[in-house]
Amino acid sequence: MTLMTVMTGLIPLMALVGLGGALRNQLPETAWRGLDRLNFTYFFPALLFLAASERTLTLEDVAAVAPLVWTIILVAVIVGYGARRFGPDKYIDFAGCWQTTWRFNAGIGFVAVTALDKGNLGMYAVVVGMAVPVGNAFAVSVLSRGEKQDLFETAKKVMLNPFFVSSLLGVCAGLFGLRLPAIAVRSLELLSQPAVTIALISIGATMNWRALSKLDRFSLCINATKLLALPGFVVLTAYFFAQTTGLQGGMVQTLIMYAALPTAAASHVLAGASGADQRLSATMVAQSTLLSAITLPLWIALANGLF
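Numbering of residues begins from 1 in every chain and follows the order in which that chain's sequence is written. At least 70 in pLDDT is required for a residue's local features to be given in this predicted model, at least 80 for side-chain atom pairs to be given and counted, and no such filter applies to totals for whole chains, interfaces and linings, which use all residues. The basis for the side-chain values is all heavy atoms of the structure; hydrogens and waters are excluded.

Turning our attention to the layout of surface pockets. By volume, the largest pocket amounts to about 580 Å³. What lines the largest pocket is a set of 33 residues, and nearest its centre among them are Leu-47, Leu-48, Ala-51, Ala-106 and Val-128. Secondary structure elements with two or more residues in the lining of the largest pocket: α2 (29-53), α5 (106-112), α6 (121-145), α8 (162-175) and α9 (182-192). Residue contributions to the lining of the largest pocket peak at 7 residues, all from α2. In this analysis the probe radius is 1.4 Å and the grid spacing 1 Å, with only protein atoms considered; a cavity is a set of points the probe fits into but cannot get out of, a pocket is an open set with protein on both sides within 12 Å along at least five of seven lines, and lining residues have an atom within 4 Å of a point. Grid points are joined across faces, edges and corners, and a volume is the space filled by probe spheres set on the points. In this description a helix means any DSSP run of H or I spanning at least four residues, a strand means any run of E spanning at least two, and both kinds are numbered starting from the N terminus.

Here it is as structure tokens:
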């Protein structure tokens, strides 16, 4: 039942990627870029704000979860950089793929968390709130560095990035218990609804399907970092230190599931908006999502069995 639940949740997502491939020639390339820009500027920021703000956070939640989530992201940044020597010559194109090692698909997480024995949506919401701002800040930073900007320009771009601003505002709203008027929430919900669908269709439309069938050393390193090294790190750390750190089984399971998620569907949107090779980044996203259909259920089964 656990394996079937997660795999069933992946099927409609991959169907949308396939639809995008079928629709590739129905729109000119400029139209696809415009659609991605709308998604990057409006649709996904609305989704990120709602995901981070929909549940009230406490300082205890932040203190317990934030260091763990940020450590996972930092490990991904460090390990993922090891693929640099196998990657594209241009740094900006490498950065567009490098960011996929620490970003995650929150939508699949909402499906996968239901397969955990002890995890729940409340715990996962806190993880999302802590991971999204920092993950996006790292992503925007490394992509901005590809433009050879100075530190001030990089910081400015991070602070003004729609992904970063929306997720940070969402965390603050959840932490301080701020609630928007119902009409504003409903408007954001309507604005956010197309985000994942458009992102997945755009992946299919911009993806190099022939490259998808060939895992070279570079893509293998990137995907292995996201789907194997990260959850493996969490499992080993939790196994040896959970007893002494007081981590509860539900939190450990949720962190393992989070670390094992495929990369964010919007990764290629940010890459394209920053001037990186969007097709290469989209292929990484598709590979990560496809491979996670095998790896994610196995990590969840291991988390349920050990913790």
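Next comes the rest of the account.
Right, let's get into helix α3 (residues 59-80). Helices are assigned an expected span. That span is 1.5 Å times one less than the residue count. When the terminal C-alpha atoms of α3 are compared, their 31 Å separation across 22 residues agrees well with the 32 Å that a helix rising 1.5 Å per residue should span. Bending is quantified residue by residue as the angle between axes fitted to the seven-residue window ending at that residue and the seven-residue window starting at it. The sharpest bend along α3 reaches about 35° and sits at Val-65, with the proline Pro-67 one to four residues further on.

Bringing the side chain of Ser-166 into the picture now. Structurally, the position occupied by Ser-166 is in helix α8. Think of it in three bands: residues with accessible area under 20% of the maximum for their type are buried, residues over 50% are exposed, and the middle band is partly exposed, with areas taken using a 1.4 Å probe on protein chains only. Taking relative accessible area as the criterion, Ser-166 reaches 8% and is therefore assigned buried.

So, on to the pattern of salt bridges. Any carboxyl oxygen of Asp or Glu that lies within 4 Å of a side-chain nitrogen of Lys or Arg is treated as forming a salt bridge with it. Considering all chains together, one arrives at 2 salt bridges under this definition. Across the salt bridge formed by Glu-29 and Arg-33, the nearest N and O atoms sit 3.4 Å from each other. Within this pair, Glu-29 and its partner Arg-33 are both found in helix α2, separated by 4 residues, close to a single helical turn. In this structure Glu-29 comes out as exposed when scored by relative accessible area, which is 54%.

Attention now goes to the environment of Ile-108. With respect to the secondary-structure elements, Ile-108 resides in helix α5. When the C-alpha atoms of Ile-108 and Pro-262 are compared, they prove to be 8.1 Å apart, with 154 residues separating the residues in sequence.

Turning our eyes to something else, we now look at the environment of Asp-36. Topologically, Asp-36 is positioned in helix α2. When its relative accessible area of 6% is taken as the criterion, Asp-36 is described as buried. Between the alpha carbons of Asp-36 and His-268 there is a distance of 9.1 Å; along the sequence they are 232 residues apart. In this description, contact between two residues means that some pair of their heavy atoms is separated by no more than 4.5 Å. Excluding its chain neighbours within four sequence positions, the residues that come into contact with Asp-36 are Ser-202, His-268, Val-269 and Gln-278. Polar contacts here mean pairs of N or O atoms no more than 3.5 Å apart (in protein, one a potential hydrogen donor and the other a potential acceptor; neighbouring residues in sequence count only if both atoms are side-chain atoms). Looking at Asp-36, its side chain comes within polar contact range of the side chain of Ser-202, at 2.7 Å.

With that settled, consider the environment of Ser-144. Structurally, Ser-144 is set in helix α6. Spatially, the C-alpha atoms of Ser-144 and Lys-156 are 9.9 Å apart, while their sequence positions differ by 12 residues.

The next thing to look at is the packing of aromatic side chains. Working definition: rings of Phe, Tyr and Trp (its six-membered ring) pair if their centres are within 6.5 Å, and the pair is stacked with planes under 30 degrees apart, edge-to-face with planes over 60 apart, and tilted otherwise. Using the criterion set out here, one finds 9 aromatic pairs in the structure. Summarising the aromatic geometry, the rings of Phe-94 and Trp-98 are spaced 5.4 Å apart at their centres and angled 25° between planes, so their arrangement reads as stacked. With Phe-94 and Trp-98 both in helix α4 (residues 91-98), this residue pair falls 4 residues apart, about one helical turn. Its relative accessible area of 0% is what places Phe-94 among the buried residues. Centroid distance Tyr-239 to Phe-240: 5.4 Å. Interplanar angle 85°. Geometry classified as edge-to-face. Using a relative accessible area of 53% as the deciding quantity, one classes Tyr-239 as exposed. Classification of Phe-240 by relative accessible area gives exposed; the value is 56%.

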